[in-house]
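Each chain, written out:
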Amino acid sequence: MSTAIEKVNCLIIGSGPAGYTAAIYAARAALKPLMYTGLQPGGQLTITTEVENYPGYPKGIQGPEMMEDFKAQAERFGTDVRFGYASKVDFSGPVHKVWIDETTEIHANTVIIATGASAKWLGLPSEEKLNGFGVSACAVCDGFFFKGQDVAIVGAGDTAAEEATYLAKLCKKVYMIVRRSEMRASKAMQQRVINTPNIEILWDSETKEILGEKTVNGALVVNHKTKQDRKLDVTGFFVAIGHKPNTDIFKDWLEMDESGYIKTIPGTSKTKIKGVFAVGDAQDKVYRQAVTAAGSGCMGALDAERYLAEAGIH
Ligand code: NDP
């Protein structure tokens, strides 16, 4: 199939808070950014409900609505926002090549990668059905809605341990569902969990089903050693079994850690390739908040602008 070639100064891949913030800054700096949204325009926030911790929205806002606001602001300054999926890149030359949907080839002087990460899920149909209605992959985002209630969290890594202790401060009781007889989390984090009186760890346990029609009203868990089922009376169900950064197409070109998070020069958004910048969750496995992603998107646009100015590209 023949592909159309288009030349741009600044290509932004991804449309979460990081991508849109990069777009706002790049557009206002007259870089005429072109953005491809990816398959989930608006990113992870479009699958959450209420966002209460983003500064500037004192009454809170629905995640999808907030992303519409981000988009409108990016478009107001001239960002060309298009639906499309980047499937291949070639970062070998001074001009960076990115293929979109195998029909368009973009030649970009700068590329800002804002492809984000995706939460891993258990894969239960009930989990999908109740996602956003009691099922969440972000305790910091949604824990508040379960204040004084009983909740469950699945996972045994540092994220699950950290989120379990976070939830324990808000909720009456937290059940931590661990599939093995030990945790992967650091010893210090494990100690913190064990020393929290309102966290009960369910070892060797797996979730059979999340209960509820419209919202979560329980979870069925099986201990695979004793084969005993147990029904947990919970109204919130958190999944913290890891995230996967959406960075597969860049792996032949950029440095990444063992999980696929892109390595940037500390304190910047610069990758090892000049003119290619990485922002948001694609390079951050620790903070992963909308506001931190937005902040790093801003860094990406400023770094791109400076790179173009220093290289004398207009
Ligand atoms: P991890 O990959 O470290 O842990 C995932 C956990 O989920 C494991 O305990 C795993 O179990 C469990 N799990 C995976 N699949 C399933 C499943 N289908 N059912 C039940 N349980 C499942 O991910 P994290 O998000 O916890 O951490 C990612 C990285 O970020 C790590 O390197 C971590 O150290 C780091 N991090 C650091 C923090 C800090 O320093 N403050 C905070 C948060 C993260 P099993 O152990 O059996 O494989």
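Cut-offs used in this document
- Going along each chain's sequence as written, the residues are numbered from 1 onward.
- Only residues with pLDDT of at least 70 get local features here, since the model is predicted, and only at 80 or more are side-chain atom pairs given and counted; chain-wide, interface and lining totals rely on the full set of residues.
- Heavy atoms from the whole structure form the basis of all side-chain values; hydrogens and water molecules are not counted.
- Where each domain starts and ends comes from a domain assignment, either automatic or drawn from a database.
- We call two residues contacting when some pair of their heavy atoms lies within 4.5 Å.
- Defined here as a combined quantity, buried area equals the accessible surface (1.4 Å probe) lost by two parts on assembly, summed across both.
- What makes a salt bridge here is a side-chain nitrogen of Lys or Arg within 4 Å of a carboxyl oxygen of Asp or Glu, nothing more.
- A pair of cysteine sulfur atoms is labelled a disulfide when the two atoms are within 2.5 Å.
- Categorising residues by exposure relies on relative accessible area from a 1.4 Å probe, with only protein chains included: less than 20% of the type maximum marks a residue as buried, more than 50% marks it as exposed, and the intermediate range marks it as partly exposed.
- Nearness of a residue to a molecule or strand requires only that one of the residue's heavy atoms be within 4 Å of it.
- N or O atoms within 3.5 Å of each other form a polar contact, as long as, within protein, one can give a hydrogen and the other can take it, and as long as residues adjacent in sequence are counted only when both atoms are side-chain atoms.
- Each accessible area value is a Shrake-Rupley result obtained with a 1.4 Å probe; residue values ignore everything except the protein chains displayed when judging cover.
- Helix numbers and strand numbers start at the N terminus; a helix is a DSSP run of H or I with at least 4 residues, a strand a run of E with at least 2.
- All residues other than Ala, Val, Leu, Ile, Met, Phe, Trp, Tyr, Cys, Pro, Asp, Glu, Lys and Arg, Gly among them, are scored as polar; the first ten of these are nonpolar and the last four charged.
- The rule for pairing is simple: two strands pair if DSSP sees at least two bridges between them.
- Helix axes use the C-alpha atoms of the stretch in contact, all axes being lines fitted to C-alpha atoms, and the angles between their N-to-C directions lie in the range 0 to 180 degrees.
- Oblique is the label for every angle not falling under 35 degrees (roughly parallel), over 145 degrees (roughly antiparallel), or within 65 to 115 degrees (roughly perpendicular).
- Helix crossings fall into two classes, left-handed where the near helix is turned counterclockwise from the far one by less than a right angle and right-handed where it is turned clockwise.

Peer 1: How should I be thinking about the domain arrangement of the protein in this particular structure?
Peer 2: Accessible area lost when the parts come together is the quantity often used to give the size of an interface. Taken domain by domain, the protein holds domain 1 (4-118 + 244-311) and domain 2 (121-239). On a C-alpha basis, the centres of domain 1 and domain 2 stand 32 Å from each other. Domain 1 puts seven residues into the contact, and the matching count from domain 2 is eight residues. Summing the contributions of domain 1 and of domain 2, the shared interface buries around 660 Å²; its carbon and sulfur component is 48%. At the boundary of domain 1 with domain 2, the tally comes to zero salt bridges.

Peer 1: Whenever I open this one, the state of the cysteines confuses me. Can you help?
Peer 2: Covalent bonding between the sulfur atoms of two cysteines is what defines a disulfide. Summed over all chains, the structure comprises one disulfide. What pairs with Cys138 in a disulfide is Cys141, and their sulfur atoms sit 2.1 Å apart. Of note, the bridge from Cys138 to Cys141 carries an S-S torsion of about 75 degrees and is right-handed in sense. With relative accessibility at 24%, the residue Cys141 sits in the partly exposed group. Cys298 provides the cysteine sulfur closest to Cys10, a residue in no disulfide bond, and the two sulfurs are 13 Å apart.

Peer 1: Explain the site of the ligand to me, please; I cannot follow it from the model alone.
Peer 2: Taken together, 14 residues lie around the ligand, and Asp158, Thr159, Arg179, Arg180 and Arg184 are the ones closest in. For the ligand, an oxygen atom lies 2.6 Å from a polar atom in the side chain of Asp158. In isolation the ligand has 920 Å² of accessible area, and contact with the protein removes 71% of it. Ranked by residue count, the leading element in the shell around the ligand is helix 5 (residues 158-170), at three residues. Its residues assigned to classes, the shell around the ligand shows four nonpolar, four polar and six charged.

Peer 1: Hey, could you run me through the sheet that holds strand 16 (residues 229-232) in this one?
Peer 2: Hydrogen bonds between backbone atoms are what pair the strands of a sheet, whose relative direction is either parallel or antiparallel. Read across the sheet, three strands follow the order 14-15-16 without closing on themselves; strand pairing throughout is antiparallel. Each having just a single partner strand, strand 14 (205-211) and strand 16 make up the two edges of the open sheet. On average, each strand axis in the sheet is tilted by 25 degrees relative to the strand beside it, whichever way the strands run. Alignment of strand 14 against strand 15 (residues 218-223), held across six bridges, turns out to be antiparallel. Looking across to strand 15, one finds that Thr207 is bridged to Val221.

Peer 1: Whenever I open this one, the packing of helix 1 (residues 17-28) against helix 2 (residues 63-76) confuses me. Can you help?
Peer 2: Geometrically, a packed helix pair is captured by the angle between its two axes and the distance between the axes. Contact geometry of helix 1 with helix 2 gives a least axis separation of 8 Å together with a crossing angle of 20 degrees. The angle between helix 1 and helix 2 places the two elements in the roughly parallel class. For the element pair helix 1 and helix 2, the recorded crossing hand is left-handed. Between helix 1 and helix 2, the residues in contact are Pro17, Tyr20, Thr21, Ala23, Ile24 and Ala27 and Met67, Phe70, Lys71, Gln73 and Ala74, respectively. Residues of the contact of helix 1 with helix 2, tallied by class, amount to eight nonpolar, two polar and one charged.

Peer 1: I'm lost on the environment of Leu254 in this one. Help?
Peer 2: Along the chain, Leu254 turns up in the loop between strand 18 (243-245) and strand 19 (276-278). Taking the C-alpha atoms as reference points, Leu254 and Ala156, 98 residues apart in sequence, are found 30 Å from one another. Contacts of Leu254, omitting those with residues within four sequence positions, involve Phe91, Ile113, Ile262, Thr271, Ile273 and Val276.

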